[in-house]
Amino acid sequence: MNRLTAICLMILLTDACSRPGAEIPEYRLNATPLPLSDRTINMYGRLLLNESEEYALIPDPAERAIVKQIFYRMDSTKILIRKGLGPNEYTNARLCGIEPNGDFYLISGALRKIYHHAREGAPTRHVDMETYFTNAIKLGDQYISYGDFSVSDNTMYALSDASGRTICRFGAYPDDGVPALCL
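Scoring rules and cut-offs
Residues numbered from 1 in each chain as written. Predicted model: local features only at pLDDT ≥ 70, side-chain atom pairs only at ≥ 80, totals over all residues. Heavy atoms only, no water. Helix = DSSP H or I, 4+ residues; strand = E, 2+ residues; numbered from the N terminus. Buried < 20%, exposed > 50% of the residue type's maximum accessible area, 1.4 Å probe, protein only. Contact = heavy atoms within 4.5 Å. Areas by Shrake-Rupley, 256 points an atom, 1.4 Å probe, with all protein chains shown as cover. Pairing = 2+ DSSP bridges. Phe/Tyr/Trp six-rings, centres within 6.5 Å; stacked < 30°, edge-to-face > 60°. Lys NZ or Arg CZ within 6 Å of the ring centre and 35° of its normal. Salt bridge = Lys/Arg side-chain N within 4 Å of Asp/Glu carboxyl O.

Caption draft 1: The overall build of the chain, seen in detail. The number of helices and strands found in the chain is one helix and 13 strands. The secondary structure elements of the chain, listed N-terminal to C-terminal, are α-β-β-β-β-β-β-β-β-β-β-β-β-β. The proportion of buried residues among the 183 residues of the chain is 32%. At a minimum sequence separation of 6, the contacts of the chain that also span at least 24 residues come to 27%. Accessible area for the chain stands at about 12,200 Å²; split by element, carbon and sulfur atoms hold 56% of it.

Caption draft 2: Representation of the side chain of Gln69. Following the sequence through the fold, Gln69 ends up in strand β3 (residues 65-71). Beyond its immediate stretch of four places on either side in the chain, Gln69 contacts Tyr55, Ala56, Leu57, Ser76, Thr77, Lys78, Leu80 and Arg119.

Caption draft 3: Structural view of the sheet that holds β3. Pairing is mixed across the open sheet formed by five strands, whose spatial order is β1-β2-β3-β4-β5. The sheet is open, and its two edges are formed by β1 (48-50) and β5 (89-90), each paired on a single side. As paired elements, β1 and strand β2 (residues 55-60) share three bridges and run antiparallel to each other. Paired with Asn50 across the two strands is Tyr55, which belongs to β2.

Caption draft 4: Spotlight on the packing of aromatic side chains. Taken as a whole and judged by the stated rule, the model has four aromatic pairs. When the ring of Tyr146 is compared with that of Tyr157, the centres are 5.5 Å apart and the planes differ by 45 degrees; the resulting orientation is tilted. Of this pair, Tyr146 sits in strand β11 (residues 142-146) while Tyr157 is found in strand β12 (residues 157-160), placing the two residues 11 residues apart along the sequence. Classification of Tyr146 as partly exposed rests on a relative accessible area of 33%. By relative accessible area, Tyr157 is classed as partly exposed at 26%. Judged by centre distance (5.3 Å) and plane angle (20 degrees), the ring pair of Tyr157 and Phe170 falls under stacked. In this pair, Tyr157 is assigned in strand β12 and Phe170 in strand β13 (residues 166-170), connecting sequence segments 13 residues apart. Here the aromatic cluster, defined as three or more aromatic residues joined through ring pairs, consists of Tyr146, Tyr157 and Phe170. The aromatic ring of Tyr132 is capped on one face by Arg112, whose charged end is 4.8 Å from the ring centroid.

Caption draft 5: Broad picture of the pattern of salt bridges. Summed over all chains, the structure comprises five salt bridges. Of the charged contacts in the structure, one is a salt bridge between Glu53 and Arg119, with a shortest N-O distance of 3.0 Å. Here Glu53 is found in the loop between β1 and β2, whereas its partner Arg119 is found in the loop between β8 (113-117) and β9 (123-128), with 66 residues between them in sequence. Residue Asp60 pairs with Lys68 through a salt bridge whose shortest N-O separation is 2.8 Å. Taken as a pair, Asp60 and Lys68 share a single burial class, namely buried.

Caption draft 6: Layout of the environment of Ala56. Mapping Ala56 onto the fold places it in strand β2. Between the C-alpha atom of Ala56 and that of Arg46, which follows or precedes it by 10 residues, the distance is 10.0 Å. Residues within four places of Ala56 in sequence aside, it is in contact with Leu47, Leu48, Leu49, Lys68, Gln69, Ile70 and Tyr72.

And the structure:
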């Protein structure tokens, strides 16, 4: 039996080694260096890209900018939202998302607000959320927020409608799944 196994193994190895090697795909990436100076980007936090308009939105704490617009094809920047107490300034807000049309939004979980801005930085509206949160994302006309630890049911997430009213809560430890009533 051992001799038969050894012969079969030799035939298989000979057949496997005699085949031509598998072609290894080769990928070539073309990249164009962007004409950005070192002072342009101070990466901290999220980078939100608007490819159709060829700019990115980033926070830049070195310049006290909550939202800084970087036109990456021409090394040009513009601060849209500053940190402060004046008009169109915020003390506790973070850049959170960008819409396909270029409008963007900021979140302030401590104030329970989501601020919407037009692409040039002008405020358009804000949503008063029912719950405190540490982060939020927009899904269509609803929001999922994370981090409302002020409630006693030990849940981590809240699903809210466009007006900020909580539809349901989910993500209780240790079962962090989405219950059927949220779907």
